[in-house]
Amino acid sequence: MSVNAPPRPKPETEHPSGDPRFKLIDRTLKRLQHRQDSLIEVLHTAQEAFGYLDDDVLIYAAQQLKLPLSWVYGVATFYHFFSLKPGGEHTCIVCLGTACYVKKSGEILAALEKEFGIKPGQTTADKKLSLAQARCVGSCGLAPVVVIDGGVHGREMANETVARVRAALAHVAAPAAGEPAA
Amino acid sequence: MNRIELQAIADKEIERQQELKCRVLCCASTACLSSGGQEVRKALQDELKAAGLTKDVQVVATGCKGLCSRGPVVEVTGPAQERVLYANVTAEAAQQIVRQHLVGGQPVNDYRLDADSPFFTKQVRVVLSNSGIVDPERIEDYIARQGYAALGHALREMTPEEVCLAIRRSGLRGRGGAGYATGLKWDLVRKADGRDKYVIANGDEGDPGAYMDRTLMESDPHRVLEGMALAGYAVGAEQGFLYVRGEYPLAVKRLERAIKAAERQGVLGSRIFDSNFNFRVDIRIGAGAFVCGEETALMSSIMGRRGEPRPRPPYPAQSGLWNSPTLINNVETFGNIAPIILNGPEWYAAMGTEKSKGTKIFALTGNVNNTGLIEVPMGITLREIVFEIGGGIPDGRTFKAAQTGGPSGGCIPAEYLDTPVDYESLTALGSMMGSGGLIVMDDQTSMVDVAKFYMEFCMDESCGKCVPCRVGTAQMHRLLSRLIAGEASAADLATLEELCRMVKALSLCGLGQSAPNPILSTLKYFRAEYEARLKSGAAHGAPSQEAA
Ligand SMILES: Cc1cc2nc3c(=O)[nH]c(=O)nc-3n(C[C@H](O)[C@H](O)[C@H](O)COP(=O)(O)O)c2cc1C
């Protein structure tokens, strides 16, 4: 298959649902001239807009880029960043990179698992919290590190993190809130 | 833009800075921001306003100063001012710094950091020379420190061949792990036939425990862009891609701004420095897959596909992106280019050892007092890094091993602390230079656990394309788990060693080829720890049920 095809004219069809979030995808498609090799960027946009990639979104991306759905699915499932399931309202990511591992971030993860009854990759039944582990968030000087709703917290202790997550769930200010990474 | 205009921008910025009484440089990298850097900056600004000093004192958000464990770090500097560094600054401390130091002229000793401590004096900052000093979001600040002067010089005074030659003579080797001679690679791409050529900066930085590339991109994005543009000129490419790890949103934001600013100033884009050279840079954001740091997988990912490696040859220099000749270098490698062109290859080659020239950035982490980012001359010993720069092991514990090279590297025990850090010496010890993660482990760390930790990483990150890596890593992980559970026999250990050799020899790409290294190196130096975990009695040759 030719992934280096010349720019294609924009197909007329928009997404029938009229969901405005598809407009964001359309914008990325337009910016990258519907090139088939822009698939990953289209998926990045979609994931940002929807929070995850459901079947509808994958089918839409496949149609717009004139790629087989299996190809799109293959790419979406290859990368850790893309999730095919909706996440919880809040996320807590525990870094398990080497520096964090040496500083015992595993104990933080275990405490969270125990407290909230979920494993990394899972979401609580009430859809409030998703727990995840990261390979390395690149803040190794502050190990062990957790990222709660985008805010990086360094030199954590298990009980501190549990308190922070509780606070995030209760929508009250967490102690000494960190800075959003973006 | 021409070189006279560039100089004019530099002069104007230098003049502006000299007119200030002083500047307060606040680290605004991810690490310091997450320890409260933003609040500190705001407190400084508010307090300066209250003191009526906003005209004389400027607060600058800079990149990383390296001592991440003591953040937020703040530096006071000025034309008629002794340079003063502060660590662990809080909002209250910031107010005190303004009142007592900036207004009263008396540094606040409680927060003062000794700038003459080995952490600073043992470092040599070439790639990071601007890091923590310039505002990464202001191109003028970069230009005032000779930014884009190397590009202007090369485009006017040097042929592409001469640029390649300069890089070759400098002795620079790739900082992404393998240490391939950079100038040779550039020459290969320069000589390759192809109408379209590409330059890629590898900013995927997948090694857990490493954040050198992140820091460089966040702290001095123009340095990377200038290096890429010089490479584009040298090899004959007009398009560059910067592949940045998805976990680094701040780096992406700063690079995007830097590219826009550089295009506005005419140091990127069309007809750069009024020459015939055009060069554009696009950012591609990774989507979380360690294997995408491998060059062929990375190119596949840039083309929107699954990031699976392919056999080499053909090497990217012959057939890379869209089958065109492609130069791919690590972000830190690009960070070395402008200084080499400006100061000459001889200056660069005077640093380091015979075969490893220049400096290397390390992320010094783990069980060590001063964790952070350091840049040291090649050939420095591990002992100097851990005990002088790093300030030794905390909590009264002792040094057990230093891990370099991430999941492809190994653990170096205490008896080799005096080994010079260069490509060959580390490889000879069964580890490798890698991209620059240096994790210090104290006597409480179990080496078998560490080996399992890395194997779990490799197992999860194996892309699955080739069998030795996909199945081999899973089997090695299973054997290590059994060992740790006390269920393994001596025969299991023998199987593990055999698997190590097999996976190393037969895997398709570097991921599998190097995945056994953490086991092999810990077996080499800490074999007793493995044997102590064997099913009781098995270590002494007692027959084991499974062994039959
Ligand atoms: C599994 C694997 C992961 C890699 N990850 C990176 C990485 O994160 N960053 C990097 O620059 N090089 C990485 N490399 C090395 C690249 O393939 C390539 O050699 C390098 O980018 C070349 O740049 P250099 O010559 O400047 O070092 C990786 C290699 C392998 C096998």
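This one's a predicted model, so the numbers in the text were calculated from it and none came from an experiment.

### Quick notes on the overall build of chain B
1) Next: Counting secondary structure elements, chain B contains 23 helices and 14 strands.
2) Next: Relative to the compact-globule value of 24 Å for 548 residues, chain B shows a C-alpha radius of gyration of 25 Å, a close match.
3) Next: Taken along the three principal axes of its C-alpha coordinates, chain B extends 80 × 60 × 40 Å.
4) Next: Counting only residues that meet the buried cut, chain B has 62% of its 548 residues in that class.

### Overview of the interface of chain B and chain A
1) Next: Counting residues at the interface gives 55 residues for chain B, matched by 38 residues for chain A.
2) Next: Taking both sides of the interface into account, the surface hidden between chain B and chain A amounts to around 3800 Å²; carbon and sulfur atoms contribute 58%.
3) Next: Counting every contact that joins chain B to chain A gives three salt bridges.
4) Next: With a shortest N-O distance of 3.2 Å, R135(A) and E461(B) are connected by a salt bridge.

### Overview of the domain arrangement of chain A
One frequently used descriptor of interface size is the decrease in accessible area upon assembly of the parts.
1) Next: Considered domain by domain, chain A is made up of domain 1 (1–84) and domain 2 (90–170).
2) Next: A C-alpha centroid distance of 31 Å is found between domain 1 of chain A and domain 2 of chain A.

### Describing a nonpolar patch on the surface
1) Next: A grouping of Y180(B), L184(B) and L188(B) is seen on the molecular surface, where their side chains present a nonpolar patch of about 270 Å² in accessible area.
2) Next: Tracing the chain through its elements places L188(B) in helix 9 (residues 182–191).

### Topic: the environment of Q122(A)
All names here are of chain A.
1) Next: Within the secondary structure layout, Q122 lies in the loop between helix 6 (105–116) and strand 2 (129–134).
2) Next: In this structure Q122 comes out as partly exposed when scored by relative accessible area, which is 38%.
3) Next: Along the chain, Q122 and A132 lie ten residues apart, while their C-alpha atoms are 7.5 Å from each other.
4) Next: In this view, Q122 contacts L129, S130 and L131; residues no more than four positions away in its chain are not counted.

### Notes on empty space enclosed by the protein
Residue and element names in this part refer to chain B.
1) Next: Counting across every chain of the model gives five cavities of 30 Å³ or more.
2) Next: Within this model, the largest cavity holds a volume of roughly 80 Å³.
3) Next: Along the walls of the largest cavity sit 13 residues, with S462, C463, C466, C469 and C509 positioned nearest its centre.

### A look at helix 4 (residues 91–103) of chain B
Residues and elements named next belong to chain B.
1) Next: With 13 residues, helix 4 extends 17 Å between its outermost C-alpha atoms, agreeing within 8% with the 18 Å of an ideal straight helix rising 1.5 Å per residue.
2) Next: When the local axis directions of helix 4 are compared, the greatest deviation, roughly 30 degrees, occurs at I97.
3) Next: Buried residues of helix 4: A93, A94, I97, V98, H101 and L102, and no others.
4) Next: The secondary structure elements touched by the buried residues of helix 4 are strand 1 (22–27), helix 3 (37–50), strand 2 (57–62), strand 3 (74–78) and strand 4 (81–86).

### Looking at the sheet that holds strand 2 of chain A
Residues and elements named next belong to chain A.
1) Next: Judged by pairing direction, the sheet is mixed, and its four strands sit side by side in the order 2-1-3-4 without closing on themselves. Of all strands in the sheet, those bounded by a partner on one side alone are strand 2 and strand 4 (151–153). Strand-to-strand twist in this sheet, taken as the mean axis angle between neighbours without regard to direction, amounts to 20 degrees.
2) Next: On top of the sheet, helix 6 reaches strand 1 (90–95), strand 2 and strand 3 (146–148); it is set at about 150 degrees to strand 1, its chief contact.

### Digging into the side chain of E47(B)
Residue and element names in this part refer to chain B.
1) Next: Turning to its location among the elements, E47 is positioned in helix 3.
2) Next: A polar contact of 2.8 Å, which involves the side chain of E47, links it to the side chain of R99.
3) Next: Those residues within four positions of E47 in sequence are excluded, and the remaining contacts are Q95, V98 and R99.

### Some points on the domain arrangement of chain B
Residues and elements named next belong to chain B.
1) Next: Entries for chain B in the domain assignment read domain 1 (3–121), domain 2 (146–349), domain 3 (359–442) and domain 4 (447–532).
2) Next: Inter-centroid distance (C-alpha atoms) of domain 3 to domain 4 is 23 Å.
3) Next: If you look at the interface, domain 3 gives 16 residues, while domain 4 gives 15 residues.
4) Next: Of all residues in domain 3, K400, P407 and C411 bury the most surface against domain 4, accounting for 43% of the area lost on that side.
5) Next: Where K400 meets E529, a salt bridge forms, and the shortest distance between an N and an O atom there is 2.6 Å.
6) Next: Our count for the domain 3 to domain 4 interface comes out at six residue pairs in polar contact (both at pLDDT 80 or more).

### Observations regarding helix 3 of chain B
Residues and elements named next belong to chain B.
1) Next: Across its 14 residues, helix 3 extends 20 Å between first and last C-alpha, which sits within 8% of the 20 Å expected from 1.5 Å per residue.
2) Next: Of the surrounding secondary structure, the elements contacted by the buried residues of helix 3 are strand 1, helix 2 (30–34), strand 2, strand 3 and helix 4.
3) Next: Looking one or two residues past helix 3, G52 carries a phi angle of roughly 70 degrees, positive in sign.

### Topic: the packing of aromatic side chains
1) Next: In total, this model carries 17 aromatic pairs over all chains according to the counting rule given.
2) Next: For the ring pair Y79(A) and F82(A), a centre distance of 6.2 Å and an interplane angle of 80 degrees mean the geometry is edge-to-face. Neither residue differs from the other here; Y79(A) and F82(A) are each classed as buried.
3) Next: Directly above the ring of W322(B) sits R35(A), whose terminal nitrogen or CZ lies 5.7 Å from the centroid.
4) Next: The residue whose ring lies beneath K360(B) is F362(B), and the NZ or CZ to ring-centre distance is 5.7 Å.

### Let's talk about the site of the ligand
Residue and element names in this part refer to chain B.
1) Next: The immediate surroundings of the ligand are formed by 18 residues, with G176, K185, N329, N330 and T333 found nearest.
2) Next: For the ligand, an oxygen atom lies 2.7 Å from a polar atom in the backbone of G176.
3) Next: Between the ligand and N329, the relevant distance is 2.9 Å, taken from an oxygen atom to a side-chain nitrogen or oxygen of the residue.
4) Next: Contact with the protein chains hides 89% of the accessible area of the ligand, taken as 610 Å² for the molecule alone.
5) Next: Contributing elements (two or more residues each) for the shell around the ligand: strand 9 (326–330) and helix 22 (510–514).
6) Next: With three residues, the top contributor of residues to the shell around the ligand is strand 9.
7) Next: Partitioning the shell around the ligand into residue classes produces three nonpolar, nine polar and six charged.

The rules behind these values
- Residues numbered from 1 in each chain as written.
- Chains lettered and ligands numbered in written order.
- Predicted model: local features only at pLDDT ≥ 70, side-chain atom pairs only at ≥ 80, totals over all residues.
- Heavy atoms only, no water.
- Helix = DSSP H or I, 4+ residues; strand = E, 2+ residues; numbered from the N terminus.
- Rg over C-alpha atoms; globule rule 2.2 N^0.38 Å.
- Buried < 20%, exposed > 50% of the residue type's maximum accessible area, 1.4 Å probe, protein only.
- Contact = heavy atoms within 4.5 Å.
- Buried area = accessible area lost by both parts, 1.4 Å probe.
- Salt bridge = Lys/Arg side-chain N within 4 Å of Asp/Glu carboxyl O.
- Domains from an automatic or database assignment.
- Patch = residues over 30% accessible without salt bridge, like charges linked within 9 Å, V, L, I, M, F, W, Y side chains within 5 Å.
- Areas by Shrake-Rupley, 256 points an atom, 1.4 Å probe, with all protein chains shown as cover.
- 1 Å grid on protein atoms, 1.4 Å probe; cavity = no way out; pocket = protein on both sides within 12 Å on 5 of 7 lines; lining within 4 Å.
- Points joined across faces, edges and corners; volume = space filled by probe spheres on them.
- Expected span 1.5 Å × (residues − 1).
- Bend = angle between axes of the 7 residues up to and from the residue.
- Pairing = 2+ DSSP bridges.
- Axes fitted to C-alpha atoms, helices over the stretch in contact; angles between N-to-C directions.
- Polar contact = N/O pair within 3.5 Å; in protein donor to acceptor, adjacent residues only side chain to side chain.
- Phe/Tyr/Trp six-rings, centres within 6.5 Å; stacked < 30°, edge-to-face > 60°.
- Lys NZ or Arg CZ within 6 Å of the ring centre and 35° of its normal.
- Near = heavy atom within 4 Å.
- Nonpolar A, V, L, I, M, F, W, Y, C, P; charged D, E, K, R; others polar.

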